[in-house]
Amino acid sequence: MLIWENIKLALTGLMCSKMRSLLTMLGIIIGIGSVIAIMTVSTSLTSSITDTFAGLGANNVTVGLKKQSEGEEVRRNGMRFGASNRQISLEAEDRITDEMIASLKNHFDTKIKTIALEESAGSGIVKAGEDTANVQVSGINAGFFESKDITLLEGRRLTDADIDGAKSVIMVSDKAAEKIFGGNIIEALNKKINIGINDIYYSFYIVGIYQYEGEESFSSESEEDVVTSAYIPITSGKKRMHTDDGYEQFTIVTDPSVGSAADFADEAARYMNREFYAGNENYQISTTTMSAVTDSMNEMIGTVSIAIAFIAGISLLVGGIGVMNIMLVSITERTREIGTRKALGAKNSSIRLQFIVESVVLCLIGGILGILLGTALGAAAASLLGYSAAAPVMAILAAVLFSMAIGIFFGYYPANKAAKLDPIEALGYE
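Not measured: the values here are computed from a predicted model.

A. Structural context of helix 12 (residues 335-343). Burial in helix 12 covers these residues: T335, I338, G339 and K342. All buried residues of helix 12 fall inside an arc of 100 degrees around its axis, so they share one side. Of the residues flanking the end of helix 12, it is G345, one or two places downstream, whose phi is positive at about 105 degrees.

The following block contains the structure:
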């Protein structure tokens, strides 16, 4: 009951001097608002990155060949470098074979949804009559589409029947189809095109057209010269273009039941190295996951955000000092009131509690205003950056608690000073 009375007294006092109270709370408002805004942008950016990488296959595992190292040399600065500078060439017997992949899939049958294969067949020029387009031709299997987010616009994707029969079919981008068929991508379906790679022309029939997403990075190429991907059956690439047998890498699309793609990646690497590369002196199997990249980026963003938020939080210290200052002024102004209360029998603890509650209420109102300001600024900044705003709930709760802590910490000294006033001197104070 006493606390509630003190809260009402504190609110009455704040209302009597609105401008002074607002100026006192300004440091708290700016400090908490800055922290909330920074954490909102950080949370939104982290969420956006996670969603983006999820679309790229966050639970996919890339399995590839890595050169063996004979040892490591430790420099004085602590950096580690391979001790050997020997040149190793990739031989046919080093490459990953279909038999190895089949064995891996059988061994981890419940954990592997599918295997995605992609092998470059070279860069070339697509011709259909007089019109041309630049393409990067890749041989793929049907599982490739499980590992990549490709939007089909017209026709169909490559199927197991295409791969098994090494058929002369191809998928091209809408950008390439528009260039060689006058902007009509539907007309491109089932049309024959010729692809020139290293002065040799190969004929394929277009069975599917996918949406070209473009590149996020800077490119010096003009729109007319941009190179888009074209996909053919991987068996067609090996049969007609004489690409190498075996693979340097492939992608595992994990089953949804797999809890950690990173842990499974380690299991797959150990199995492949034990079964097939234990006696290989030049190469070993290495794995990587998109989730590992995502975690690293999110950790980096989180670290930078916390550092910036800490710097912004320094203004909270300034705000706390402002609260302490105004409470000392308030005590000076109300010295006779304190003396009267003590003369009527008020305990030191009651006087101390009154001013601590007033300080906490002041900081708490400032904290709430700061949260509203920070949330609004964070949402606006996230929107300008093109991300959906995600308010950090834990940061908001921490801000409220921190506001109360500031009130108690910076309000205790003035409150304790008021509690120790001599009632006779206080009553005679002018």
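So much for the structure itself; the text now carries on.
B. Molecular detail of unusual backbone geometry. Residues other than glycine seldom take positive phi values, yet A166 does so here, at roughly 50 degrees. Of note, N190 is a non-glycine position whose phi angle comes to about 65 degrees, a positive value. Positionally, N190 belongs in the loop between helix 7 (185-188) and strand 9 (192-197). Residue classification places N190 among the exposed positions, given a relative accessible area of 60%.

C. Representation of the packing of aromatic side chains in the model. Scanning the entire structure with this criterion turns up 6 aromatic pairs. Each ring, one from Y210 and one from Y231, has its centre 5.7 Å from the other, and the planes form 45 degrees; the classification is tilted. Highlighted residues: Y210 in strand 10 (residues 200-210) and Y231 in strand 11 (residues 228-233), separated in sequence by 21 residues. For Y210, a relative accessible area of 6% translates into the label buried. A relative accessible area of 7% means that Y231 is categorised as buried. Among the aromatic side chains, those forming a connected cluster through ring pairs are F108, F264, Y271 and F276.

The rules we used
- Residues numbered from 1 in each chain as written.
- Predicted model: local features only at pLDDT ≥ 70, side-chain atom pairs only at ≥ 80, totals over all residues.
- Heavy atoms only, no water.
- Buried < 20%, exposed > 50% of the residue type's maximum accessible area, 1.4 Å probe, protein only.
- Helix = DSSP H or I, 4+ residues; strand = E, 2+ residues; numbered from the N terminus.
- Arc of directions from axis to C-beta.
- Phe/Tyr/Trp six-rings, centres within 6.5 Å; stacked < 30°, edge-to-face > 60°.

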